[in-house]
Each structure stands twice: as C-alpha cells, then as structure tokens.
Amino acid sequence: MKILRASAQPQESLENALARIPQDFRLSTAVRLQVAVRGNAWRLPAEVWHEIYQIGREAILNAYRHSGAENIHAAIKYEPIGLRLSVRDNDCGIDPKELDSGRPGHWGLQGMRERARRIGANLQFRTVCGSGTALELFVGLQGTSI
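Residues numbered from 1 in each chain as written. Predicted model: local features only at pLDDT ≥ 70, side-chain atom pairs only at ≥ 80, totals over all residues. Heavy atoms only, no water.

A. Inspection of the overall build of the protein at higher detail. Along the protein, the regular secondary structure elements total five helices and five strands. Looking at the 146 residues of the protein, the share that counts as buried comes to 43%. Partitioning the contacts of the protein with sequence separation of at least 6, the portion at a separation of at least 24 is 69%. Counting every atom, the protein has about 8500 Å² of accessible surface; 47% of that belongs to carbon and sulfur. (Helix = DSSP H or I, 4+ residues; strand = E, 2+ residues; numbered from the N terminus. Buried < 20%, exposed > 50% of the residue type's maximum accessible area, 1.4 Å probe, protein only. Contact = heavy atoms within 4.5 Å. Areas by Shrake-Rupley, 256 points an atom, 1.4 Å probe, with all protein chains shown as cover.)

B. Geometry of the environment of Ala-17. In this fold, Ala-17 is placed in helix α1 (residues 14-19). Ignoring sequence-local partners within four residues, the contact set of Ala-17 consists of Glu-12, Trp-49 and Tyr-53.

What follows is the structure, given as structure tokens:
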C-alpha cells in the first residue's frame, strides 16, 4: 500500500493527532471535542495509523461542519484483538439516504469506506434523528499488518 506524504512512523499518538484537529483546521471553539483512550496503546504500522487518522479526521470534520453538534466524542479502544475507533456527535444525524450514497459532490463518506477497505477494517455508521451520528471503525489484528 502506498500512502502519499506519510512518514515512515507516526510522530505522535493517534489520540493527540485527533484532539488537535480543531486547532489545525481553526474550527469553532463553541463545539467541544473530547478524545478518550481505553486500553494499553500499542504501535500501529504507519500506513494503518495514517488511514485510521484520516477516517477519524473526516468524521470529526463532518461533525463540525454539517451536524450542528455541541459535543463530539472520539474514543480509541485498544483491544487484544484489534483497535476500535468511534466518533459520535450529539445533534441532527444524517439522512439515511446520504449515508448510503453520500451527498452529491461530496466524497467524504466514500473516502472513509475506501480507506477502511484498504486496511481490512470494518466501518459502520449509525444515525438517529435528534441523537446524532456515530461512526464505528474496527481494525482487527488478523485482517491487517498490525
């Protein structure tokens, strides 16, 4: 797998990289992003780290730009069988039709799905009107080069 502009090894934790997104993109300070980690962190291959980061980044940016959420919660869980990333917001949710086919002219959801396939991960979205949207990504140890 070739990644453009990815360093040989990530220079920071996935938690820190995701937590820094609001500052990196100068996003509204009215929206609160929390990033939590559970389990003992272990080193990810650079390619896998990069794809997980890009998926998480897109989910967080989408929540900031499209949901109207006041709170966004990202959780990274290191498990004996793999890594789980969830990103949830607390607002309007996404039209289920858009979850299936994306918005015309927008490639974020499709890009996240392609990145997940590239690393052998399982990616799911849930949305409930009035309860927000949740992304769940699971990268198993057997399905990747972890």
